[in-house]
Amino acid sequence: MEYLEFELPIKELEDQLQKCQVIGKESDVDVSETCTQIQKKLEDTKKDIYKNLTPWQRVQLSRHPNRPYTLDYINALTKGTFLELHGDRGYKDDKAMIGGLGKIGHQSFMFIGQQKGYNTKTRQYRNFGMANPEGYRKALRLMKSAEKFGIPVVTLIDTPGAYPGLEAEERGQGEAIARNILEMTRLKVPIITVIIGEGASGGALGIGVGDRVLMLENTWYSVISPESCSSILWRSWEYKEQAAEALKLTAKDMKRMKLVDQIVKEPLGGAHKDREKTYAAIETAILKSFDELNALSSNALVEQRMDKYAQMGVYKD
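Residues numbered from 1 in each chain as written. Predicted model: local features only at pLDDT ≥ 70, side-chain atom pairs only at ≥ 80, totals over all residues. Heavy atoms only, no water.

S.K.: Could you give an account of the side chain of Thr 78, with specific residues and numbers?
M.R.: Here Thr 78 shows up in helix H4 (residues 70-78). In this structure Thr 78 touches Gly 102, Lys 103 and Phe 111, once residues within four positions along its chain are discounted. (Helix = DSSP H or I, 4+ residues; strand = E, 2+ residues; numbered from the N terminus. Contact = heavy atoms within 4.5 Å.)

S.K.: Could you give an account of the layout of surface pockets, naming the residues involved and the relevant values?
M.R.: Counted as a void, the largest pocket has a volume near 400 Å³. Contributing elements (two or more residues each) for the lining of the largest pocket: helix H3 (55-62), helix H12 (251-256) and helix H13 (275-294). Sorting elements by how many residues they give to the lining of the largest pocket places H3 first, with three residues. The residue inventory of the lining of the largest pocket, partitioned by class, reads seven nonpolar, five polar and eight charged. Approximately 310 Å³ is the volume attributed to the second largest pocket. If you trace the second largest pocket, you find 16 residues lining it, with Leu 205, Tyr 221, Ser 222, Met 254 and Leu 259 closest to the centre. Counting only elements with at least two residues in the lining of the second largest pocket, the list comes to helix H9 (201-205) and strand E7 (220-222). (1 Å grid on protein atoms, 1.4 Å probe; cavity = no way out; pocket = protein on both sides within 12 Å on 5 of 7 lines; lining within 4 Å. Points joined across faces, edges and corners; volume = space filled by probe spheres on them. Nonpolar A, V, L, I, M, F, W, Y, C, P; charged D, E, K, R; others polar.)

S.K.: Could you give an account of the pattern of salt bridges, with specific residues and numbers?
M.R.: Evaluation of the coordinates by the stated rule reveals 24 salt bridges. Close ionic contact of Asp 72 with Arg 275 constitutes a salt bridge, the shortest N to O distance being 3.6 Å. Note that Asp 72 is positioned in helix H4 and Arg 275 in helix H13, a separation of 203 residues in sequence. Residue classification places Asp 72 among the buried residues on the basis of a relative accessible area of 18%. Judged by its relative accessible area of 28%, Arg 275 is partly exposed. Note that Glu 183 is salt-bridged to Lys 144, the shortest N-O span being 3.5 Å. Separated by 39 residues along the polypeptide, Glu 183 in helix H8 (residues 173-185) and Lys 144 in helix H6 (residues 133-148) bring together distant segments of the chain. What you see here is one network of salt bridges that share partners, running through Arg 137, Lys 144, Glu 147, Glu 175, Arg 179, Glu 183 and Arg 186. (Salt bridge = Lys/Arg side-chain N within 4 Å of Asp/Glu carboxyl O. Buried < 20%, exposed > 50% of the residue type's maximum accessible area, 1.4 Å probe, protein only.)

As structure tokens, then:
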């Protein structure tokens, strides 16, 4: 079990509880009352910490190494029916962007999302979830295929940003993301977007135009990461906590500004604390959104989607 810095009080109490239970098993001393007191204190501490998280702490939770990634969600939702599809038919298959067909219950969906790695080897293989232009072109190819056969699209966002390397720029990174945004606004099938971790910059927007945008409770969505914002404004990463506060990047901020449609509640401590409960909440939210969108005609769907994004950023004094 890995703990973040602000979770250390929880670790100390869990260690105390474990030692108390060991003493009770290995001796004749009755420690049940002491264990109960520690257990109660542990539960109270968890509630106090997780219900008062700062924006920076939520950013840390969104990056937790034990947090489920895109393939975890897809495999859990589709229960073995997922068929991954590869390649952009132009350059190569981008391992940071995955996609394919799968069923939730009896309904088929085209799943697309950024995939991170679990260790050093797989992180390099997946390029840390940072897609190249061919990844976005693969995503667009799959979305157009879904449109052709009338299959709704589900996108799962978890990326620190699109890959910023020279070769990515040479192959048209900006054009690929812009093309996806344009094509997604007029796609004639329902698009449900779920932010499951980090939602950074154009890397997220490249698959982030949805009729319904769902956001897990301990995730973030912003034009720039707190560290990069801090390095630009203060010439140092030391002010990342202030940057996270100023960026208004949490799920509550996004919902208040009407940039996302729904916050999906996570188990106490984050999605990784109870994966099955998180998967069930995501499945329920996706199916509910699909039922609402499936009642609309393709023209009404596109019109509603364009109106939704046209209204963003508009305000009155």
